[in-house]
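Here is what each chain is made of, one letter per residue.
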Amino acid sequence: MYLKRSADGLAFCLFYLASSFTNKYVLSVLQFTYPTLFQGWQTLVGGLLLHVSWKLGWVEINLCSRSEILSWLPASVLFVGIIYAGSRALSRLPIPVFLTVHNAAEVITCGFQKFVQKEQTSHLKVCSVLFLLAAAVCLPLCDTQFDPNGYLWALIHLICLGAYKVFHKLWKPGSLSDLDQQYINYVFSVVLLASASHPAGDLFSALDFPFLYFYRFHSSCCASGLLGFFLMLHTVKLKSSTTSGQYSAWSFLAKVITASLSPFFFVMTANVLTISCLVVGGVGEALLVYTERTGT
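Rules behind the numbers
Residues numbered from 1 in each chain as written. Predicted model: local features only at pLDDT ≥ 70, side-chain atom pairs only at ≥ 80, totals over all residues. Heavy atoms only, no water. Helix = DSSP H or I, 4+ residues; strand = E, 2+ residues; numbered from the N terminus. Contact = heavy atoms within 4.5 Å. Buried < 20%, exposed > 50% of the residue type's maximum accessible area, 1.4 Å probe, protein only. Polar contact = N/O pair within 3.5 Å; in protein donor to acceptor, adjacent residues only side chain to side chain. Expected span 1.5 Å × (residues − 1).

With respect to the helices and strands, the residue A249 is situated in helix α11 (residues 244-261). Distance in space between the C-alpha atoms of A249 and L170 is 24 Å, their sequence separation being 79 residues. Every residue in contact with A249, bar those within four places of it in the chain, is listed here: V289 and R293.

Moving on to the side chain of T43. Within the element layout of this structure, T43 appears in helix α2 (residues 35-55). With a relative accessible area of 3%, T43 lands in the buried category. Engagement of the side chain of T43 in a polar contact is seen with the backbone oxygen of Q39, the distance being 2.9 Å. Here T43 is in contact with F79, I83, Y186, S189, V190 and L193, once residues within four sequence places are set aside.

So, on to helix α8 (residues 178-197). Here α8 is 20 residues long and its end C-alpha atoms lie 28 Å apart, about the 28 Å a rise of 1.5 Å per residue gives. Looking at α8, one finds that the buried residues are L179, D180, Q181, Q182, Y183, I184, N185, Y186, S189, L193 and S197. Against the buried residues of α8 lie α2, α3 (66-90), α7 (148-170), α9 (202-205) and α10 (215-241).

The values are spatial; any link to function lies outside them.
Have a look at this one:
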């Protein structure tokens, strides 16, 4: 059992790394900055593969209750905001910077629990959240590659992610499993992003993309769709086979590996202050993982 969980965790880390690098390559190196098309493609591939897997009996999806599907739609709206804003931000920010701001979404969930739900929160968890907040706030002030639009989209991504987590905590899941929720997210995202591609100007602007007919663009887009789907499957599998603390630890390890290796593959200029902010953010998440595992 231990070896199986380790294998699942390592597979999750591998797909997290590969998916992040592939997305970064398409968005920053090839500069395919048309998020309604890119994210629409990824969710279309994910939705089709999940649908085929369901019909072949490889996964179980139960969408019998229309009321529960409708009750989940606000989360699907936030999901579109997460992937759209995340795509915009990742195209402009280095991976370690993006992940540091991404992790600060925990500030929203912790703040909601403490000030709205009046839950007891340990001093260690408050400290970890303050570290995450400090890192995210100070990064734009220290970043030598400061991109205001990149940080603006990262902030929108952070808010949508935090709101998604809060909604998930408040929502009564009923019979909808994680795969059910993801299936609804995929279908809703494809419809919304496809509808928005023309008004947003992406549909016709993409025709002028210089690598539109290049093999490396096609192969990278195919890889991004497949890797995103397998990452989703392994995320669901890891969550179901481990405790929340163990999943948090694997997620933290995946982010550390991805952030540590990314400067060797993508351009990133950093000074001592920038690196200090990244380290503070890492320490904050490590403390958060510790509180999850120990229940403090």
